[in-house]
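Results of the structural survey
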Amino acid sequence: MGTARDFYIFDLFEDGSSVLVEKRENTSPEEDESESTHGDVKKLKVAMWIFNDCDVVLDRRGSPNFVRMRDTTEFQPVVTRVDSFADSVIELARSFDEIYGLVERRKRGERPQAIPIIGRTSEL
């Protein structure tokens, strides 16, 4: 998430269709390779501002910031193990009911511990 050049914002519908809303540049600060900054809280804060109108954040790996996001924000993190972006959106649509349920719980103030992994059957 933090090293992505851009964030792609989609509307995903229950019937499995999706629409690209826009591409947003990742303006979060660069990580210093000499320091252990993977999962820097500053990067998370900037990223959260960039996708502040989203419910779900999809990433290829579960970073420390994904755990922070799960525990402290309304964003529902989801990890994909699928290689292509298009196939990840398809897998996300297949898990729509489960993920939508988690999003609804978050909107009520709950912080479910689940970080679904799509493209395989387990969770982080």
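Heads up: the structure comes first, above all this text.
Described in the following lines is the structure provided in the data block. All values derive from a computational prediction rather than experimental measurement. (Residues numbered from 1 in each chain as written. Predicted model: local features only at pLDDT ≥ 70, side-chain atom pairs only at ≥ 80, totals over all residues. Heavy atoms only, no water.)

Bringing the overall build of the protein into the picture now. Broken down by element type, the protein carries 4 helices and 5 strands. In the protein, which comprises 124 residues, the share counted as buried stands at 38%. Across the protein, contacts joining residues at least 24 apart in sequence account for 48% of those joining residues at least 6 apart. Surface accessibility of the protein: about 7500 Å² in total, with carbon and sulfur atoms responsible for 48%. (Helix = DSSP H or I, 4+ residues; strand = E, 2+ residues; numbered from the N terminus. Buried < 20%, exposed > 50% of the residue type's maximum accessible area, 1.4 Å probe, protein only. Contact = heavy atoms within 4.5 Å. Areas by Shrake-Rupley, 256 points an atom, 1.4 Å probe, with all protein chains shown as cover.)

Applying the stated rule across the entire model yields 5 aromatic pairs. Ring geometry for tyrosine 8 and phenylalanine 85: centres 5.6 Å apart, planes at 50 degrees, overall tilted. Highlighted residues: tyrosine 8 in strand 1 (residues 6–12) and phenylalanine 85 in helix 3 (residues 85–94), separated in sequence by 77 residues. For tyrosine 8, a relative accessible area of 42% translates into the label partly exposed. Each residue in the set Phe7, Phe51 and Phe75 is aromatic and connected to the rest through ring pairs, giving one cluster. (Phe/Tyr/Trp six-rings, centres within 6.5 Å; stacked < 30°, edge-to-face > 60°.)

Judged by side-chain polarity, Tyr8, Leu20 and Phe85 come together as a nonpolar surface patch covering roughly 300 Å² of accessible area. Positionally, leucine 20 belongs in strand 2 (residues 18–25). The exposure class assigned to leucine 20 is partly exposed, which follows from its relative accessible area of 46%. (Patch = residues over 30% accessible without salt bridge, like charges linked within 9 Å, V, L, I, M, F, W, Y side chains within 5 Å. Salt bridge = Lys/Arg side-chain N within 4 Å of Asp/Glu carboxyl O.)

This paragraph deals with the nonpolar core. Proteins that are soluble and globular tend to have nonpolar side chains buried together. In terms of nonpolar packing, the biggest core is built from 14 residues, with Phe7, Phe51, Val57, Phe66 and Met69 touching the most fellow members. Elements that contribute at least two residues to this core include exactly strand 1, helix 1 (41–50) and helix 2 (64–72). Among the elements that take part in this core, helix 1 stands out by supplying 3 residues, more than any other. Judged by nonpolar contacts, the second largest core, of 5 residues, contains Val78, Leu92, Ile99 and Val103. (Core = buried A, V, L, I, M, F, W, Y, C linked by side-chain atoms within 4.5 Å.)

The next point concerns the pairing of strand 2. Across 7 bridges, strand 1 lies against strand 2 in antiparallel orientation. Counterpart to tyrosine 8 in the pairing with strand 2 is lysine 23. Hairpin connection from strand 1 to strand 2: 5 residues lie between these consecutive antiparallel strands, with glycine 16 at a positive phi of about 95 degrees. (Pairing = 2+ DSSP bridges.)

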